[in-house]
Amino acid sequence: VSEQPAGGDVAADAAGAGTTASGATKVLGLVALVGIAVLIPLVFWWSPADSDQKDLVRILYVHVPVAWLAYMAFTITAVGSAMYLWRRSLWWDLVAASAAEIGVLFCALALFTGSIWGRPTWGTYWEWTDVRIVTTLVLLLMYVGYLALRRIEGDPHQRSQRAAIVGLVAVLNIPIVRFSVDWWANRTLHQKATVRVGDTDLDGLMLFTLMFSLVVSTALFAWMLVHRFRVAWLEEQLEQRGLDLALADRRAEADRGVDRAVGGALR
Amino acid sequence: MTLAMTHLSYILVAWIVSALAVAAYCARLVHRGRRLSRAVPAARRRWMTTDATDVPTRR
C-alpha cells in the first residue's frame, strides 16, 4: 500500500497531519524529559554508594525500572488480549500489540543490564542454571514469539485472536520470574527483592533515587505506549484503506466487464 | 563534576546502552508516526487526539 496520500485526501490531511503527538503526549514527554534531566545527576553524583555493592548500586537505578516496565507492559498486553477476546475491539488489540513491543525492548534491557551488573558482582555475565535469568529469557522469547505471530499473513481477526491467547498464556510467566528467587532460592545467584512492602534494603537518598527513576521511566513508558498505539492505528488504517481501494478497483473492473457484456449483447 | 566511582565502565555501559536503545526506539516511533500521519487521510486518523471515544471492532 502506498504511503502517499491520494490527491483528494491532501486537503483533508492539512489539519493536524504529520504527527502522532497531541497536547497530552507533549506534556507527558516534557514531564519525562525534565524527570530524566533531574535523574541523571541524582544517579551519578547526588546519591551515595552502597556499603556492600559500592557504586554498582547505580546500575540498579536502570535495571529495576526496565524490569518493572517489562512486567507492566506484558500485563497491559494480557489485559488488552482479554479485552480483545471479550469485545473484539480493534483498540484493545492494538494496545496489546503496542505494549508487547515496548515490553520486549525493556525485557531485553533488563537482561542486558542484569548481565552487566552480574559480571563484577557474581563474576559472570550469564549463568544458565540461574532460575531468574533463564525464566526472564523465556519471558522475552515468549513475547518475541507473540510479535512474530502477529506478523503472519492471513485473516486479521484470526491472527489477533491467536495472539491474544498467547498474550494471556505468556503473562503467567511473570509471577514465575518474580518469585523464582524465593521458590528456588538455592538455584539462583540473584538477590531477593530489594524493595518490599513495608521493608527495604535501601535507605534515604538511594531509595528516593530508585523510586524517582521508577516514576520517570513510567512516564516515559506511557509516552511510548501512546505513540506506539497511534503508529499501530495508522498502520491498520493504511492497510484497510489499501484493501478498500483494491476492492473498489475490483468492483469497477467488474462493472466495466458487465457493461461490455451488456453492450455486446445489445449489438 | 567528575565521575569518580568503582566499576565505572560497567555503570556507564549499562546506562549508555539502555539510554541509546530507548532513544533510538522513541526516535523511530516519532519518525514512523510522522510518515504514516501524512499518508493516512484525516477521516481515518482517529486516536491522534485524546478526545476520541467510540471504539470500532475488527473487520
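Since the model is a prediction, treat every value here as computed from it, not as a measurement.

Novice: Honestly, the overall build of chain A in this entry has me stumped. Any pointers?
Specialist: Scanning chain A for helices and strands turns up eight helices and two strands. Moving toward the C terminus, one meets the helices and strands of chain A in the order α-α-α-α-α-α-α-β-β-α. Buried residues in chain A amount to 46% of all 267 residues. For chain A, the exposed area adds up to about 13300 Å²; of that, 66% sits on carbon and sulfur atoms.

Novice: Even after reading the chapter, I still don't get the overall build of chain B, so can you show me in this structure?
Specialist: Each helix and strand in chain B was counted, giving one helix and zero strands. The buried share of chain B, reckoned over its 59 residues, is 36%. For chain B, the accessible surface area stands at approximately 3400 Å², while carbon and sulfur atoms represent 64% of it.

Novice: Help me understand the packing of aromatic side chains, please; the structure alone is not making it clear to me.
Specialist: Here a ring pair, both rings aromatic, is described through the centre-centre distance and the interplanar angle of the planes. Following the criterion strictly, the structure yields eleven aromatic pairs over all chains and no others. Consider the rings of Phe44 of chain A and Trp15 of chain B, whose centres lie 5.6 Å apart with planes at 65°: the pair is edge-to-face. Of the two residues, Phe44 of chain A sits in helix H2 (residues 23-46) while Trp15 of chain B sits in helix H1 (residues 8-39), which places them in two different chains. We classify Trp15 of chain B as buried; its relative accessible area is 15%. Judged by centre distance (4.9 Å) and plane angle (85°), the rings of Trp91 of chain A and Trp92 of chain A are edge-to-face. Taking the relative accessible area as the measure of exposure, Trp92 of chain A reaches 24% and is therefore partly exposed. Among the aromatic residues, ring-to-ring pairing joins Trp91, Trp92, Phe229 and Trp233 of chain A into one connected group.

Novice: How should the side chain of Arg228 of chain A be read in this particular structure?
Specialist: By the secondary structure assignment, Arg228 of chain A is in helix H8 (residues 204-266). Not counting chain neighbours up to four residues away, the residues in contact with Arg228 of chain A comprise Ser98, Glu101, Ile102 and Glu235 of chain A together with Tyr25, Leu29 and Arg32 of chain B.

Novice: Just checking my understanding: could you explain the nonpolar core for this structure?
Specialist: One broad rule of soluble globular proteins: the nonpolar side chains tend to lie buried together. Within the largest apolar cluster, 66 residues are counted, with the highest numbers of intra-cluster contacts made by Phe106, Tyr143 and Met224 of chain A. Of all elements in the fold, only H2, helix H3 (57-87), helix H4 (90-122), helix H5 (131-150), helix H6 (156-170), helix H7 (173-183) and H8 of chain A together with H1 of chain B reach the threshold of two or more residues within this core. The contact partners of Tyr143 of chain A, leaving out residues within four places of it in the chain, are Phe74, Thr77, Ala100, Val104, Gly167, Ala170 and Val171 of chain A. Core analysis: the second largest hydrophobic core is formed by six residues, Leu90, Val95, Phe229 and Trp233 of chain A among them.

Novice: I'm lost on a nonpolar patch on the surface in this one. Help?
Specialist: All names here are of chain A. Together, Leu30, Val34, Val38, Trp46, Leu205 and Phe208 make up a nonpolar patch on the protein surface, roughly 590 Å² of accessible area in all. Taken together, the elements giving at least two residues each to the nonpolar patch come down to H2 and H8. No other element matches H2, which puts four residues into the nonpolar patch. Position of Val38 relative to the elements: it lies in helix H2. A relative accessible area of 34% places Val38 in the partly exposed class.

Novice: Help me understand unusual backbone geometry, please; the structure alone is not making it clear to me.
Specialist: Keep in mind that most residues, glycine aside, have a negative phi and that most peptide bonds are trans. All names here are of chain A. One non-glycine residue, Lys54, adopts positive backbone phi at about 60°. At Arg88, a residue that is not glycine, the phi angle is positive and equals roughly 55°. Here Arg88 lies in the loop between H3 and H4.

Novice: Explain H3 of chain A here, please?
Specialist: Every α-helical turn comprises 3.6 residues, leaving residues that sit three or four positions apart pointing alike. Residues and elements named next belong to chain A. A rise of 1.5 Å per residue sets the reference length of H3, with its 31 residues, at 45 Å; its end C-alpha atoms lie 45 Å apart and thus fit the reference within 8%. With 22 of its 31 residues buried, H3 lies for the most part within the structure. Two residues or fewer past H3, Arg88 is found with a positive phi of approximately 55°.

Novice: I'm lost on H2 of chain A in this one. Help?
Specialist: Across its 24 residues, H2 of chain A extends 33 Å between first and last C-alpha, which sits within 8% of the 34 Å expected from 1.5 Å per residue. Taken together, the buried positions of H2 of chain A are occupied by Thr25, Gly29, Ala32, Gly35, Leu39, Pro41, Leu42, Val43 and Phe44 of chain A.

Novice: What is the right way to read the confidence of the model for chain B from this model?
Specialist: Close reading of the predicted structure is inappropriate where its pLDDT is low. Per-residue pLDDT for chain B has a mean of 81; in total, 69% of the residues score no lower than 70. Scored as a whole, the predicted complex attains pTM 0.84, and scored at its interfaces, ipTM 0.83.

Novice: Can you help me understand the packing of H5 of chain A against H6 of chain A in this one?
Specialist: Residue and element names in this part refer to chain A. Contact geometry for H5 and H6: axes closest at 9 Å, N-to-C directions at 170°. In terms of axis orientation, H5 runs roughly antiparallel to H6. Note on element contacts: H6 touches H5 through Arg159, Ser160, Arg162, Ala163, Ala164, Val166, Gly167 and Ala170, opposite Leu139, Met142, Tyr143, Tyr146, Leu149 and Arg150.

Novice: Hey, could you run me through the confidence of the model for chain A in this one?
Specialist: Taken as a whole, chain A shows an average pLDDT of 86; of its residues, 88% reach a score of 70 or greater. Under a pLDDT of 50 for its full length, residues 1-15 of chain A has, in the predicted model, 23 contacts with residues more than four places off or in other chains.

What counts and how
Residues numbered from 1 in each chain as written. Chains lettered and ligands numbered in written order. Predicted model: local features only at pLDDT ≥ 70, side-chain atom pairs only at ≥ 80, totals over all residues. Heavy atoms only, no water. Helix = DSSP H or I, 4+ residues; strand = E, 2+ residues; numbered from the N terminus. Buried < 20%, exposed > 50% of the residue type's maximum accessible area, 1.4 Å probe, protein only. Areas by Shrake-Rupley, 256 points an atom, 1.4 Å probe, with all protein chains shown as cover. Phe/Tyr/Trp six-rings, centres within 6.5 Å; stacked < 30°, edge-to-face > 60°. Contact = heavy atoms within 4.5 Å. Core = buried A, V, L, I, M, F, W, Y, C linked by side-chain atoms within 4.5 Å. Patch = residues over 30% accessible without salt bridge, like charges linked within 9 Å, V, L, I, M, F, W, Y side chains within 5 Å. Salt bridge = Lys/Arg side-chain N within 4 Å of Asp/Glu carboxyl O. Expected span 1.5 Å × (residues − 1). pLDDT = per-residue confidence, 0-100. Axes fitted to C-alpha atoms, helices over the stretch in contact; angles between N-to-C directions. Parallel < 35°, antiparallel > 145°, perpendicular 65-115°, else oblique.

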